[in-house]
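Coordinates in review
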Amino acid sequence: MKTDLTLGYMPLTDSLPLLAAAQLGFFRDQGLDVTLQEEVSWANIRDKVIVGQFDGAHMLAPMVMASTLGLGGLNKPLIAPYSLNLGGNGMTLSASLYRELESTTRGRPGPASLKQLIEQRKLEKQPPLVLAVVFPYSSHNLLLRYWLASAGIDPDRDVTTVVLPPSQMVDHLRLGHIHGFFAGEPWNAVATADGIGCCVAPGRDIWQNAPNKVLGVTEDWARTNPDTLDALLRALHQAGVWLDGNRAQAVSVLAEYLPVDRRALAPA
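The present account deals with the structure reproduced in this document. It should be emphasised that the depicted structure is a prediction, and the values quoted were computed from it without experimental measurement.

Thoughts on the overall build of the protein
Of the regular secondary structure elements, the protein holds 13 helices and 10 strands. For 268 residues, the compact-globule formula gives about 18 Å, and the C-alpha radius of gyration of the protein, at 19 Å, lands near that figure. Overall, the C-alpha framework of the protein stretches about 65 × 40 × 30 Å when taken along its three principal axes. Relative to all contacts within the protein whose residues are 6 or more apart in sequence, the contacts with residues 24 or more apart total 74%. In the form shown here, the protein has an accessible surface area of approximately 12300 Å², with 51% of it arising from carbon and sulfur atoms. Between the mean site of the 22 positive side-chain charges and the mean site of the 26 negative ones, the protein shows a separation of 6 Å.

Re the nonpolar core
If you look at the biggest cluster of nonpolar residues, it comprises 65 residues, and the most contacted ones within it are Leu19, Phe27, Trp42, Met59, Phe181, Leu232 and Leu236. Per element, the largest residue contribution to this core is 7 residues, and it comes from helix α11 (residues 226-245). Filtering out sequence-adjacent residues up to four positions away, Trp42 remains in contact with Met10, Leu12, His58, Met59, Leu60, Met63, Val134, Phe135, Pro166 and Lys213. Counting residues in hydrophobic clusters, the runner-up holds 21 residues, among them Tyr98, Leu131, Val159 and Val200.

Observations concerning the packing of aromatic side chains
Applying the stated criterion to the full structure yields 2 aromatic pairs. Consider the rings of Tyr9 and Tyr257, whose centres lie 6.1 Å apart with planes at 90°: the pair is edge-to-face. Of this pair, Tyr9 sits in strand β1 (residues 4-9) while Tyr257 sits in the loop between α12 (247-255) and α13 (262-265), and the two are 248 residues apart along the sequence. Taking relative accessible area as the criterion, Tyr9 reaches 5% and is therefore assigned buried.

Here's the deal with the pairing of strand β10 (residues 211-218)
The buried fraction of β10 is high, at 7 of 8 residues. The pairing of strand β3 (residues 56-60) with β10 spans 4 bridges and is antiparallel. Within the sheet, the bridge partner assigned to His58 lies in β10 and is Leu215. Bridging between strand β4 (residues 78-86) and β10 involves 6 bridges; their strand directions are antiparallel. The residue of β10 that forms the bridge with Asn85 is Lys213.

Thoughts on the layout of surface pockets
Space inside the largest pocket adds up to approximately 770 Å³. In this structure, the largest pocket is lined by 28 residues; those nearest its centre are Thr13, Asp14, Asn85, Arg247 and Ala268. Mapped by element, the contributors of at least two residues to the lining of the largest pocket are α1 (16-23), β4, β5 (89-94), β9 (197-202), α11 and α12. Grouping the amino acids of the lining of the largest pocket by side-chain chemistry returns 14 nonpolar, 9 polar and 5 charged.

Quick word on the pattern of salt bridges
This structure, assessed with the given rule, holds 15 salt bridges. Lys76 is the partner of Asp220 in a salt bridge, and the nearest nitrogen-oxygen pair spans 3.1 Å. In this pair, Asp220 is assigned in helix α10 (residues 219-224) and Lys76 in the loop between α4 (61-69) and β4, connecting sequence segments 144 residues apart. For Asp220, a relative accessible area of 39% puts it in the partly exposed group. Residue classification places Lys76 among the partly exposed positions, given a relative accessible area of 22%. Of the charged contacts in the structure, one is a salt bridge between Glu219 and Arg223, with a shortest N-O distance of 3.7 Å. With Glu219 and Arg223 both in helix α10, this residue pair falls 4 residues apart, about one helical turn.

Section: the side chain of His58
Here His58 lies in strand β3. Of the residues examined, His58 reaches a relative accessible area of 0% and is grouped as buried. Engagement of the side chain of His58 in a polar contact is seen with the backbone nitrogen of Met10, the distance being 3.1 Å. Excluding residues within four positions of it along the chain, His58 makes contact with Gly8, Tyr9, Met10, Leu12, Asp14, Ser15, Leu18, Trp42, Ile45, Leu84, Lys213 and Val214.

Parameters at a glance
Residues numbered from 1 in each chain as written. Predicted model: local features only at pLDDT ≥ 70, side-chain atom pairs only at ≥ 80, totals over all residues. Heavy atoms only, no water. Helix = DSSP H or I, 4+ residues; strand = E, 2+ residues; numbered from the N terminus. Rg over C-alpha atoms; globule rule 2.2 N^0.38 Å. Contact = heavy atoms within 4.5 Å. Areas by Shrake-Rupley, 256 points an atom, 1.4 Å probe, with all protein chains shown as cover. Lys, Arg positive; Asp, Glu negative; His and termini not counted. Charge placed at Lys NZ, Arg CZ, Asp CG, Glu CD. Core = buried A, V, L, I, M, F, W, Y, C linked by side-chain atoms within 4.5 Å. Buried < 20%, exposed > 50% of the residue type's maximum accessible area, 1.4 Å probe, protein only. Phe/Tyr/Trp six-rings, centres within 6.5 Å; stacked < 30°, edge-to-face > 60°. Pairing = 2+ DSSP bridges. 1 Å grid on protein atoms, 1.4 Å probe; cavity = no way out; pocket = protein on both sides within 12 Å on 5 of 7 lines; lining within 4 Å. Points joined across faces, edges and corners; volume = space filled by probe spheres on them. Nonpolar A, V, L, I, M, F, W, Y, C, P; charged D, E, K, R; others polar. Salt bridge = Lys/Arg side-chain N within 4 Å of Asp/Glu carboxyl O. Polar contact = N/O pair within 3.5 Å; in protein donor to acceptor, adjacent residues only side chain to side chain.

Here's what the structure looks like:
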């Protein structure tokens, strides 16, 4: 049985089952010596799993499917034997754009008021709004497209969509490079706490319990290391049970890995 493992993760709230399993000794209890390695982009995570630099990783659920189908990269069958979380994403607009929408609508700005603004910008020959997602094959991209289309906004023609690492969303919003983003926590909360963004649509309002992050491994790795995979899943299950009963303490675990204000970690 292979016991020395390297697992990749992105600095997001939903990496918490992996972080807790390492911090609280659940991996060790299963006989595993796990090294966690932070990554800066989902493409890096996918590629390092595919070439074997990572034994497994915190991954986007649609990315596992896309890799298996050969979309957007190498054709390498991956599997997702464990779901790390459901939902947890949100649509954040810049504070200035939010105030502009707020002045023309009653209640909370949404896709309908955004549609009116987009049409007005077209008449004034202004460039399209730029919205960011974390990866082309992600629930974030699907949710953004659905949210826009619900008001008759064509996500391919009426706005410009770009891909950015989650941890860079807030900085690009602050610098005015983008007008909004659809990302996971804690970055919506960070943008709100910093006063540079407003979350206008929690992902749960668009798709309740949408599949989001998973443990991803290659089919070959799972076939070669069945006992190791079983131990890995037992450790993650233990971490999940602990997290459900110790949410306040979980913030302290998360704070060891994510260099943001603890007040932005607690909401998720």
